[in-house]
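# Structure at a glance
Given next are the chains, with one letter for each unit.
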Amino acid sequence: MSDRLSVLKTYKLYVGGKFPRSESGRVYEVTDAKGKWLANAPLSSRKDARDAVVAARKAFGGWSGATAYNRGQILYRVAEMLEGRREQFAAEVADAEGLSKAKAAAQVDATVDRWVWYAGWSDKVAQIAGSANPVAGPYFNLSSPEPTGVVAVLAPQESSFLGLVSVIAPAIVTGNTVVVVTSEKSPLPALSLGEVLATSDLPGGVVNLLSGRVNELGGPLAAHQDVNAIDLAGAAADAELVKALETAAADNLKRVLRPQAVDGVADWNADPGTERMLAFLETKTVWHPMGV
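The present account deals with the structure reproduced in this document.

Conventions adopted
- Residues numbered from 1 in each chain as written.
- Predicted model: local features only at pLDDT ≥ 70, side-chain atom pairs only at ≥ 80, totals over all residues.
- Heavy atoms only, no water.
- Core = buried A, V, L, I, M, F, W, Y, C linked by side-chain atoms within 4.5 Å.
- Buried < 20%, exposed > 50% of the residue type's maximum accessible area, 1.4 Å probe, protein only.
- Contact = heavy atoms within 4.5 Å.
- Helix = DSSP H or I, 4+ residues; strand = E, 2+ residues; numbered from the N terminus.
- Right-handed = clockwise from strand over helix to strand, strands pointing away.
- Pairing = 2+ DSSP bridges.
- Axes fitted to C-alpha atoms, helices over the stretch in contact; angles between N-to-C directions.
- Parallel < 35°, antiparallel > 145°, perpendicular 65-115°, else oblique.
- Nonpolar A, V, L, I, M, F, W, Y, C, P; charged D, E, K, R; others polar.
- Salt bridge = Lys/Arg side-chain N within 4 Å of Asp/Glu carboxyl O.

### Notes on the nonpolar core
Of all hydrophobic cores here, the largest spans 53 residues; its most connected members are Trp 115, Ile 168, Ile 172, Val 178 and Val 207. Not counting the four nearest positions on each side in its chain, Ile 172 is found in contact with Trp 63, Arg 71, Leu 75, Trp 115, Val 178, Leu 202, Val 206 and Val 207. Grouped together as the second largest cluster of nonpolar side chains are 25 residues, Leu 13, Val 214, Leu 232 and Val 242 included.

### Description of the pairing of strand S7 (residues 207-210)
Side chains Val 207 and Leu 209 project from S7 onto one buried face, and the interleaved Asn 208 and Leu 210 project onto a second face that is buried too. In the classification by handedness, the crossover that spans strand S6 (residues 177-181), the intervening helix H7 (residues 188-198) and the parallel S7 is right-handed.

### Digging into the sheet that holds strand S3 (residues 131-132)
Spatially, S3-S4-S10 is the arrangement adopted by the 3 strands of the open sheet, whose pairing is antiparallel. Both edges of this open sheet fall to S3 and strand S10 (281-289), since each of them pairs with a single strand only. One ladder, built from 2 bridges, connects S3 with strand S4 (residues 139-147); its direction is antiparallel. Across the sheet, Ala 132 pairs through a bridge with Leu 142, a residue of S4.

### With respect to the packing of helix H4 (residues 101-120) against helix H6 (residues 162-173)
For the pair H4 and H6, the least separation of the axes is 9 Å and the interaxial angle reads 10 degrees. One element, H4, and the other, H6, form an angle in the roughly parallel class. Contacts from Gln 107, Ala 110, Thr 111, Arg 114, Trp 115, Tyr 118 and Ala 119 of H4 reach H6 at Leu 162, Val 165, Ser 166, Ile 168, Ala 169, Pro 170, Ile 172 and Val 173. Counted by class, the contact of H4 with H6 contains 11 nonpolar, 3 polar and 1 charged residues.

### Considerations on the sheet that holds strand S8 (residues 229-231)
Strand order across the open sheet formed by 5 strands is S7-S6-S5-S8-S9, with parallel pairing between neighbours. Either end of the sheet is taken by a strand with one partner, and the two such strands are S7 and strand S9 (255-257). Averaged over all pairs of adjacent strands, the angle between their axes in this sheet comes to 15 degrees, without regard to strand direction. Examined bridge by bridge, strand S5 (residues 150-154) and S8 share 3 bridges and lie parallel to one another. Looking across to S8, one finds that Ala 152 is bridged to Ile 230.

### Side note on the pattern of salt bridges
Under the definition given, this model contains 14 salt bridges. A salt bridge links Glu 216 to Arg 213; its shortest N-O distance comes to 3.5 Å. For Arg 213, a relative accessible area of 39% puts it in the partly exposed group. What you see here is one network of salt bridges that share partners, running through Lys 9, Arg 85 and Glu 195.

### Focus on the pairing of strand S2 (residues 37-42)
Where strand S1 (residues 27-31) and S2 come together, 5 bridges link them in antiparallel fashion. Looking across to S2, one finds that Val 30 is bridged to Ala 39. Hairpin connection of S1 to S2: 5 residues between the antiparallel strands, including Gly 35 at a positive phi of 90 degrees.

### Some details on unusual backbone geometry
Even without glycine at this site, Leu 253 takes up a positive phi of about 60 degrees. Following the sequence through the fold, Leu 253 ends up in the loop between helix H9 (239-249) and S9. Taking the relative accessible area as the measure of exposure, Leu 253 reaches 74% and is therefore exposed.

Shown next, in the form of C-alpha cells:
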C-alpha cells in the first residue's frame, strides 16, 4: 500500500477572473447522489454577489464592444479546453447527478456540443434579431440587436453541467456579462468550469460563478440596481421564490426570463432554440438619410 496522502482539491469561487474564497469564510459539504462526501464548496454571501456584479459591470464594456467574430472564437476556444478535460468533467457529473460513467460522458459531450452551437451564433444572431425596416421617406431605417448588460443567472439545480452551459453560453455570446449562482446541491462541475474559463481567452469578469444558496443570493441579485436582467431557471421548482424575485426585479425594470419547466424540471437535452439569446438583447433602431 502507498503511504502517500492524496491532495484534496479546494474549490473556490470564480469572480473577476480570480479565485477568491467567500468573504464570509463559510463553506458547505457537497455529497454525491449516495450521500458520500465529495468536497467543501464556498458558501457565497451577499457581499460576494455584490463583488461579482462589480466585476461583471467592469468587464461589460470590453466584452460587448468586441466583434461578434472575436466572441465566437473565444467561445470556440473554451469548447476546445472542455473537450481536453472531458474525463474530469464526466467524473464530476457522474458524482453530482448519480449517473453511470457512460451517461455522464454523454452529458459532457452534449455540453461541449451545446457550447460550440452557441459559439456559432455569435456573428449570425444579428441576422435574425435585426432588420431593415420599410419607411415612407428617403431614409434607411435599420434595427440591430445590442446586449442588455449584466445578467444574473440562477443555474438549473438538477442539470449541473449541460443545464449550466445552456444558460451561460447564450447570455455571453451576444455580449452580456453574467453573475451565475450555481446548482446548490451540485456546484462542483460549475466551479471546475471556472478553471477552464480562467485559462481560456475569456476576459475576467465576463462569467462570475458563485456557489451557495439560491434563496440567499437570488434576492440581492434580483434587487440589485446594476443588474439589468435575471434568468430564473434555477428557481423553477419554487413558485413562491420565482414570484418574490420577479417582484424584486421590477424595481429597476429588469428583464426577467421565467423558468420554462414542467413540474420544476426542464429538459436540457432538447433543442435549445434561440429564445435564450434573444431574451437578453435590446433593439436599437437608427434612421439615416439616403442622400441623393
